[in-house]
Protein chains: 2
Amino acid sequence: MKRNTKVSTAVIRRLPRYYRQLSELQEAGTVRISSSALGKSMGLTASQIRQDLFCFGEFGQQGYGYKVDSLKEEIGEILGISRGHTLVVLGTGNLGRAIIQNFRFSSNGFQLLAAFDVNPGVVGSEIAGVPVYHADGLERFLAARPVDVGVLTVPIAAAQQMGDRLANAGVKGIWNFTNYEITCPSPDVVVESVHFSDSLLTLSYLISQREESELQEDKT
Amino acid sequence: MKRNTKVSTAVIRRLPRYYRQLSELQEAGTVRISSSALGKSMGLTASQIRQDLFCFGEFGQQGYGYKVDSLKEEIGEILGISRGHTLVVLGTGNLGRAIIQNFRFSSNGFQLLAAFDVNPGVVGSEIAGVPVYHADGLERFLAARPVDVGVLTVPIAAAQQMGDRLANAGVKGIWNFTNYEITCPSPDVVVESVHFSDSLLTLSYLISQREESELQEDKT
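Here we summarise the structure given alongside this text. Residue positions within a chain follow its written sequence, with the count starting from 1. Numbering of ligands from 1 and lettering of chains from A proceed in the order in which they are written. Thresholds applied to this predicted model are a pLDDT of at least 70 for local features of residues and 80 or more for the giving and counting of side-chain atom pairs; totals over whole chains, interfaces and linings are not thresholded and use all residues. Side-chain measures were taken over the full set of non-hydrogen atoms in the model, leaving aside hydrogen atoms and water.

As for the side chain of Arg20 of chain B
Applicable threshold: Helix and strand labels come from DSSP, where a helix needs a run of H or I of at least four residues and a strand needs a run of E of at least two; each type is numbered from the N terminus. Accessible area is worked out with a 1.4 Å probe on protein chains only. A residue is then buried under 20% of its type maximum, exposed over 50%, and partly exposed in between. Pairs of N or O atoms are called polar contacts if they sit within 3.5 Å, as long as, within protein, a hydrogen donor faces a hydrogen acceptor (for residues adjacent in sequence, only side-chain-to-side-chain pairs). Here, residues are in contact when the closest pair of their heavy atoms is within 4.5 Å.
Here Arg20 of chain B lies in helix H1 (residues 9-27). Under the relative-accessibility criterion, Arg20 of chain B is labelled buried at 13%. Looking at Arg20 of chain B, its side chain comes within polar contact range of the side chain of Glu181 of chain A, at 2.5 Å. A polar contact of 2.6 Å, which involves the side chain of Arg20 of chain B, links it to the side chain of Asp198 of chain A. Excluding residues within four positions of it along the chain, Arg20 of chain B makes contact with Glu181, His195, Ser197 and Asp198 of chain A.

Some details on the pairing of strand S8 (residues 173-176) of chain B
All names here are of chain B. To be explicit about the condition: In this description, strands pair whenever DSSP reports at least two bridges between them. The path from the first strand over the helix to the second decides the hand: if it runs clockwise while the strands point away from the viewer, the crossover is right-handed.
On S8, burial covers both faces: Gly173 and Trp175 on one face and Ile174 and Asn176 on the other are all buried. Note that strand S7 (residues 149-152) and S8 share 4 bridges and pair parallel. For Leu152, the partnering residue across the bridge sits in S8 and is Asn176. On the question of chirality, the crossover connecting S7 to the parallel S8 by way of helix H7 (residues 159-168) is right-handed. The sheet contact formed by S8 and strand S9 (residues 190-193) spans 4 bridges and is parallel. Within S9, the position partnered with Gly173 by the bridge is Val190.

Focus: the sheet that holds strand S4 (residues 110-117) of chain A
Residue and element names in this part refer to chain A. Convention followed: Working convention: axes come from line fits to C-alpha atoms, limited for helices to the stretch in contact. Angles between N-to-C directions cover 0 to 180 degrees.
Strands sit in the order S5-S6-S4-S3-S7-S8-S9 across an open sheet of 7 strands; the sheet is mixed. Only two strands of the sheet have a single neighbouring strand rather than two, namely strand S5 (126-127) and strand S9 (190-193). Helix H7 (residues 159-168) rests against strand S3 (85-90), strand S7 (149-152) and strand S8 (173-176) of the sheet, and its axis sits at about 170 degrees to S7.

Details of the packing of helix H1 (residues 9-27) of chain A against helix H8 (residues 196-219) of chain B
Inclusion rule: What sets the label is the angle itself: under 35 degrees gives roughly parallel, over 145 gives roughly antiparallel, 65 to 115 gives roughly perpendicular, and the rest give oblique. In this scheme the handedness of a crossing depends on how the near helix is turned from the far one: anticlockwise by less than a right angle means left-handed, clockwise means right-handed. For this scheme, ten residues count as nonpolar: Ala, Val, Leu, Ile, Met, Phe, Trp, Tyr, Cys and Pro. Four count as charged, namely Asp, Glu, Lys and Arg, and the remainder, Gly too, count as polar.
Contact geometry of H1 of chain A with H8 of chain B gives a least axis separation of 9 Å together with a crossing angle of 120 degrees. As summarised for this structure, H1 of chain A and H8 of chain B are arranged oblique, according to the angle between their axes. When you trace H1 of chain A past H8 of chain B, the crossing you get is right-handed. Contacts between H1 of chain A and H8 of chain B pair Ile12, Arg13, Leu15, Pro16, Arg17, Tyr19 and Arg20 of chain A from the former with Ser197, Asp198, Leu201, Thr202 and Tyr205 of chain B from the latter. Tallied by class, residues from the contact of H1 of chain A with H8 of chain B come to 6 nonpolar, 2 polar and 4 charged.

Section: the interface of chain B and chain A
Often the size quoted for an interface is simply the accessible area lost on bringing the parts together. What counts, and what does not: Two parts placed together each lose some accessible area; with a 1.4 Å probe, that loss summed over both constitutes the buried area. Each reported salt bridge corresponds to a side-chain nitrogen of Lys or Arg within 4 Å of a carboxyl oxygen of Asp or Glu.
On the chain A side, the residues contacting the 61 residues of chain B number 61 residues. Roughly 5,500 Å² is buried in total at the junction of chain B and chain A, and carbon and sulfur atoms are behind 61% of that figure. When the area that chain B buries against chain A is broken down by residue, the three leading residues are Leu200, Leu201 and Tyr205 of chain B, summing to 13%. Across the chain B-chain A interface, the total number found is 10 salt bridges. A salt bridge links Glu211 of chain B to Arg83 of chain A; the shortest N-O distance between them is 2.9 Å. On the surface where chain B and chain A come into contact, there are 29 residue pairs in polar contact (both at pLDDT 80 or more). At the level of secondary structure, the elements contributing two or more residues to the side of chain B that touches chain A comprise H1, helix H4 (68-79), strand S3 (85-90), helix H5 (94-102), S8, S9 and H8 of chain B. Ranked by residue count, the leading element in the side of chain B that touches chain A is H8 of chain B, at 17 residues. Across the side of chain B that touches chain A, the residue classes break down as 31 nonpolar, 14 polar and 16 charged.

The following block contains the structure:
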């Protein structure tokens, strides 16, 4: 498979959406899809889809569209789903618990190995079959069993410190839910943050735009 | 303020990031910032910053940079932060509870009015001062007190149905955490989804790229 190493962030961010859309099409029994139909279902143009996928090689056949299962598999391969990445969750408050209990890690190619907390009420227990250890043992655990990703769902005050500890203990990535922009402690560690507020403010913008255009219509 | 109504999605998605960055700069006491310094802190080029902000009018002064507080205020205005949008949360499981307890709605210009659930163990109680009502009373509540946004943190099986109910009851937007792509029941309702899996798969991709380049280095 051809790989263009200079792929833009915008294209990278769309890949998981393609993967999700193709998974849904596959579940619905769709075998083949044209770039225009795929684009329509995702709010993109056919040419944008063709350009995006061209960054990663030749998919589909002119005039025949894409085979859903093989395109999904190829994109999954690009996303690293088959690499068997592992992760641990730091913090078992409501958010950590929600993620441990409900997030489908295995569908995304990840294996959740353990959770860490400092609360004596939860240390030593299991959440959805995942053992919860004391945070003091984090480095010892990671030394014995290297882990790819640390999920940060700790309180904001502990975010940077726990991020540093994860990086120093050799994780490759940090999945950051703390709403704190942690400064990457090592250039080798990728930080991916889920900022709920960015999403809500986008919604706020879109609603405000509608409100304004309704106001304009009322005036005319 | 000039408003270009054909603003691209990518620019819209960056606005909350500008707002967040400017808030942090303001808290750190920064009064003025150049487009190149602002860009550097956000991983963007100076010219991208100038282009983005140009979509919304003239900000900053050639050679003097941007005044942090007034640029933050202007962007907040564009995002609709001062409009006093209101919301209700549907579903008080771990995720709903995490959002109700920890998300800073007021910093984003939102007011959280109530939560809804069907669990008799929680209906009638309060979470962080927010009253929890039975979901059967949703329409009655929204009829008496129109609300801008419904936050969906219900189980995936209830996602579409609750989305439909919110739309029929007149909300302007749905903030969707269910990991289910709800089909917009009305063209007037904006659906903004937070897909945790898109974020994790982006991280998976970035880690996989690093792994491959390390493999290449080892070979040479």
